Amino acid sequence: MGQSPANKGRRAPSTGKVKSVPSSLSRSRIKKGTLDFGFLISVILLLVLGLIMVFSASYPSAYYQYGNGLYFIEKQFQWALLGLLAMFITANFDYHNYRKFAVPILITCIVLLLAVLVVGIKVKGARRWLGTESISFQPSEVAKIGLIIYFAHSMSLIKDKIKQFKYLIRYWALLGVFVVLLLLEPHFSICIIIGLTMVIMMLAAGARIRYFALAAVPVVPVGVAIAIFEPYRLQRLITFTDPFKDRLGDGWQIIQSLYAIGSGGLFGVGFGNSRQKFMYVSEPQNDFIFSIICEELGLIGALAILALFGYMIYRGIKIAMNSPDTFGSLLVIGIIALVGVQVVLNIAVVTSSIPTTGIPLPFFSAGGSSLVFLLAAMGIVINVSKYKRQPLL
């Protein structure tokens, strides 16, 4: 029956109750499909190439230190298998569920960072590991992923409010808590990595760049003070200006790295034929492995590896753009930014473009917990790639 003229234009009286929307309708834009094989293939290729280069770069130092040239690659291969298992688990765990655990994960990260200051393993004057001498992990690796999950969850809830200064400052304060805990270890390089990653996430979420310019006014002097007042950091800055002034001391590592890069030429000296890995570049399987890559594979090989990193980052950005929700998009952006920041900073260090600091090259630098958590993070990106945004009919 039609409405009477008197009732036309009137709304039905409200009952005060809001009908809930069925989950099938609320997620009608989301369709689970196949994973992004381009991203997966790039990750596997980087992992395989990383294992090959760890074997080549570490053999002399492993034989000298442990009497077994396969010492580092055996451990790295074991960690890689564990990392692949972690990647398989996270790739099949619905990323939406991380929202439920975002706060507990954040609290766990803070507890672990506090624990490492009290009962952590001390190596070369720094407490960065929890566990035993045979089996240990760095809580900072957990903190990187934990912060990304929490920031993605929180910023997806407030949405456009991130453009307001009062909301943005909350994230700065939280980031400051983590930076202070990491500086107490001390672990200055991870502070840079986490800081830049979170800044990229906040900008991607819609934060205004002018606020970061404003924040840089007090932050930059504090950062300079932290670098200057710690004797070993000040020495690194002095060495950076001219490493050849102390070629047998603090300048040794970066000089040998530059020799390795320069001697590689266009096509390299050949796989396994590096000379600088024979006790010239100290621990060449770690932070300075890229210099060995340049020496053995040359400019062409190094550019090919960088192109593979670039392709992986490109696929990650595509996954973020096609994510059906803001949380998934920010989650992927954070993880991809984390990898990209580390790649750029590592190469800047080994080429003496910035002062020397301990920043590993993802997939390549030898390290147990870092590789496991990196592959677990790759699994999260793969899981997000399974969910596609679909138009409503």
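Keep in mind it's a predicted model, so treat the numbers as computed, not measured. (Residues numbered from 1 in each chain as written. Predicted model: local features only at pLDDT ≥ 70, side-chain atom pairs only at ≥ 80, totals over all residues. Heavy atoms only, no water.)

This part is about the overall build of the protein. Along the protein, the regular secondary structure elements total 13 helices and 5 strands. For the C-alpha atoms alone, the extent of the protein along its principal axes is close to 95 × 45 × 40 Å. Taking all 393 residues of the protein together, 46% fall into the buried category. Long-range contacts, defined here as pairs at least 24 residues apart, represent 74% of the contacts in the protein between residues at least 6 apart. (Helix = DSSP H or I, 4+ residues; strand = E, 2+ residues; numbered from the N terminus. Buried < 20%, exposed > 50% of the residue type's maximum accessible area, 1.4 Å probe, protein only. Contact = heavy atoms within 4.5 Å.)

Okay, a nonpolar patch on the surface next. Taken together, the side chains of Ile44, Val48, Leu49, Ile52, Phe55, Tyr59, Tyr63, Leu70, Phe77, Leu81, Leu84 and Phe271 define a hydrophobic patch exposed on the protein surface, amounting to about 1000 Å² of accessible area. Put simply, the parts of the chain that give the nonpolar patch at least two residues each are helix H2 (37-66) and helix H3 (71-91). Looking at which element gives the most residues to the nonpolar patch, the answer is H2, with 7 residues. With respect to the helices and strands, Phe271 occurs in the loop between helix H10 (252-264) and helix H11 (289-322). Among the residues examined, Phe271 registers a relative accessible area of 43% and is labelled partly exposed. (Patch = residues over 30% accessible without salt bridge, like charges linked within 9 Å, V, L, I, M, F, W, Y side chains within 5 Å. Areas by Shrake-Rupley, 256 points an atom, 1.4 Å probe, with all protein chains shown as cover. Salt bridge = Lys/Arg side-chain N within 4 Å of Asp/Glu carboxyl O.)

On to unusual backbone geometry. In this model, Glu185 is joined to Pro186 through a cis peptide bond whose omega is -5°. Along the polypeptide, Pro186 turns up in the loop between helix H6 (165-183) and helix H7 (188-205). Backbone geometry places Ser352, a non-glycine residue, at a positive phi of 60°. Structurally, Ser352 can be placed in the loop between helix H12 (326-350) and helix H13 (368-385).

Turning our eyes to something else, we now look at the nonpolar core. Phe151, Met202, Phe363, Phe364 and Met378 are the most contacted members of the largest nonpolar core, which has 95 residues in total. Tallying contributions element by element places H12 first for this core, with 14 residues. When residues no more than four places from it in sequence are discounted, the contact partners of Phe364 are Leu46, Leu49, Gly50, Met53, Val54, Gln285, Ile289, Ile293, Ile305 and Phe309. (Core = buried A, V, L, I, M, F, W, Y, C linked by side-chain atoms within 4.5 Å.)

Attention shifts here to the pattern of salt bridges. Using the criterion set out here, one finds 3 salt bridges in the structure. Between Lys144 and Glu141 there is a salt bridge whose closest N-O contact spans 2.9 Å. Of the two residues, Lys144 and Glu141 both sit in helix H5 (residues 139-158), 3 residues apart, roughly one turn of that helix. Taking relative accessible area as the criterion, Lys144 reaches 5% and is therefore assigned buried. For Glu141, a relative accessible area of 7% translates into the label buried.

This paragraph deals with H6. Between its terminal C-alpha atoms H6 stretches 26 Å, which fits the 27 Å expected from 19 residues at 1.5 Å a residue. If you check which residues of H6 are buried, you get Tyr167, Leu168, Tyr171, Trp172, Leu174, Leu175, Phe178, Leu181 and Leu182. Close packing links the buried residues of H6 with helix H4 (98-119), H5, H7 and helix H8 (209-229). (Expected span 1.5 Å × (residues − 1).)

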